[in-house]
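Listed here are the chains, written in short residue letters.
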Amino acid sequence: MSATPERPGDCNIAVLASRVGADEKRLFDAFDRRGVPFEHVDTRRQWFLAGRRDLPWQLALNREIGQVRAAYAARCLAAAGVEVVNSADATEVCGDKWRTTMALEAAGVPTPRTALGLTPEAALAALDSVGYPALIKPLVGSWGRLVVPLPDRASAEAVLEYAAALPGPQSHLGYVQELIEKPDRDIRVIVVGGQVLGAVYRTGESLRTNVALGGQTRPCEVTPEIDKLSLTAAATVGADIAGVDLIEDRDGRLLVLEVNHRVEFSGFQSALGDRVDVADHIVDHLLERAQR
Ligand SMILES: Nc1ncnc2c1ncn2[C@@H]1O[C@H](COP(=O)(O)OP(=O)(O)O)[C@@H](O)[C@H]1O
Ligand SMILES: [Mg+2]
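Being a predicted model, the structure only gives us computed values, none of them experimental.

Definitions and limits used
Residues numbered from 1 in each chain as written. Chains lettered and ligands numbered in written order. Predicted model: local features only at pLDDT ≥ 70, side-chain atom pairs only at ≥ 80, totals over all residues. Heavy atoms only, no water. Domains from an automatic or database assignment. Contact = heavy atoms within 4.5 Å. Buried area = accessible area lost by both parts, 1.4 Å probe. Salt bridge = Lys/Arg side-chain N within 4 Å of Asp/Glu carboxyl O. Helix = DSSP H or I, 4+ residues; strand = E, 2+ residues; numbered from the N terminus. Buried < 20%, exposed > 50% of the residue type's maximum accessible area, 1.4 Å probe, protein only. Pairing = 2+ DSSP bridges. Axes fitted to C-alpha atoms, helices over the stretch in contact; angles between N-to-C directions.

A. Molecular detail of the domain arrangement of the protein chain. Segmentation of the protein chain into domains returns domain 1 (113-178) and domain 2 (186-275). In this structure, domain 1 and domain 2 have C-alpha centres spaced 25 Å apart. Taken together, the contact between domain 1 and domain 2 spans 9 residues of the former and 7 residues of the latter. Interface area, domain 1 with domain 2, both sides summed: about 590 Å², of which 53% is carbon and sulfur.

B. Geometry of the pattern of salt bridges. Enumeration according to the criterion identifies 28 salt bridges in this entry. Between Asp280 and Arg33 there is a salt bridge, with its nearest N and O atoms 2.7 Å apart. Note that Asp280 is positioned in helix H9 (residues 278-291) and Arg33 in helix H1 (residues 22-33), a separation of 247 residues in sequence. Relative accessible area serves as the criterion here: at 19%, Asp280 is assigned to the buried category. You can call Arg33 exposed: its relative accessible area is 51%. Linking Asp128 and Arg153 is a salt bridge whose minimum nitrogen-to-oxygen distance equals 3.3 Å. Taken together, the residues span a long stretch of sequence, with Asp128 in helix H5 (residues 120-130) and Arg153 in helix H6 (residues 153-165) at a distance of 25 residues. Under the relative-accessibility criterion, Asp128 is labelled partly exposed at 47%. Each of Asp23, Glu24, Arg26, Arg63, Arg262 and Glu264 takes part in one network of salt bridges that share partners.

C. Region of the structure containing the side chain of Lys97. Looking at the element boundaries, Lys97 is found in helix H4 (residues 97-106). Contacts of Lys97, omitting those with residues within four sequence positions, involve Lys137, Pro138, Leu139, Gly141, Tyr175 and Glu258.

D. Up close: the sheet that holds strand E10 (residues 195-203). The sheet built from 5 strands is open, its strands ordered E11-E10-E9-E12-E13 with antiparallel pairing. Strands at the two margins of the open sheet, each flanked by one partner only, are strand E11 (216-220) and strand E13 (254-260). Within this sheet the neighbouring strands show an average axis-to-axis angle of 30°, counted without direction. Where strand E12 (residues 241-248) meets E13, 6 bridges bridge the pair, whose relative direction is antiparallel. Bridging from a neighbouring strand, Ile247 pairs with Leu255 of E13.

E. Just unusual backbone geometry, in detail. Cis rather than trans, the peptide bond between Val85 and Asn86 has omega equal to -5°. In this fold, Asn86 is placed in the loop between strand E4 (83-85) and helix H3 (88-94). In the segment running from Tyr132 into Pro133, the intervening peptide bond is cis, with an omega of -5°. By secondary structure assignment, the location of Pro133 is in the loop between H5 and strand E6 (134-137). One non-glycine residue, Trp143, lies in positive phi territory at about 60°.

Shown next, in the form of structure tokens:
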């Protein structure tokens, strides 16, 4: 699926993705509806020559699903003078839960109490400070994978023993967080170009409400608080296009859990239906950026 610019003045837009899923198809359709040419760049075949700046694209939408590949692609494109959305910085910060936490804390954005242990033993000590119940999460990960509740010290010891036995230095870093006593729902907000497109509640069978784990979505009213917090969170991590995850604590206070730089929007779109078209908004925003 690719198209070459035909009309003079057309901007050259790349959509980077190794996997073309439902969301990418929606984006491609949104380009087609506008008659705007774009090129689907399969990241599995893409390479970059250091120092070469003559890439054919002016702007690239990064939909690469693999975090390492997404971050390197963003760096290569930026070095070659291509405007990449989201930026390489945002991709790196959002793709790493600890870097996200540090950015949110530095900006005073409310987020659960979180600590990073540099070894599994240190993570256990950190948990004594964070308190139980808690959770442990992989630094890089999504869809709720390996997000494990730790109700008490005994469960933490068991999980950290497994972590210590895993290969790879990253698995030995313990990202631990207080477990927020939340209602059986999360809030997912999509931000595009400094504007909140809408919000949905996500509910699931378990603590993790990720749509990838079968979480259900329904519309959520965008209150002024949701609006402000989501825009602040997206801006804090530098994400132009963002899926902001919020949870409510026992007192109804909103906390930012994470900001997704490659937002998946099927669940959001099916809950909000005709009210908003995420792909249309993303493509319009890209075209606006390309014309700046
Ligand atoms: N501190 C927490 N307190 C309560 N629930 C949490 C907490 N952190 C995560 N969860 C639940 O687990 C899900 C996955 O966690 P998240 O940090 O968003 O990781 P992922 O990147 O895998 O989606 C969240 O959507 C939320 O429902
Ligand atoms: Mg999440």
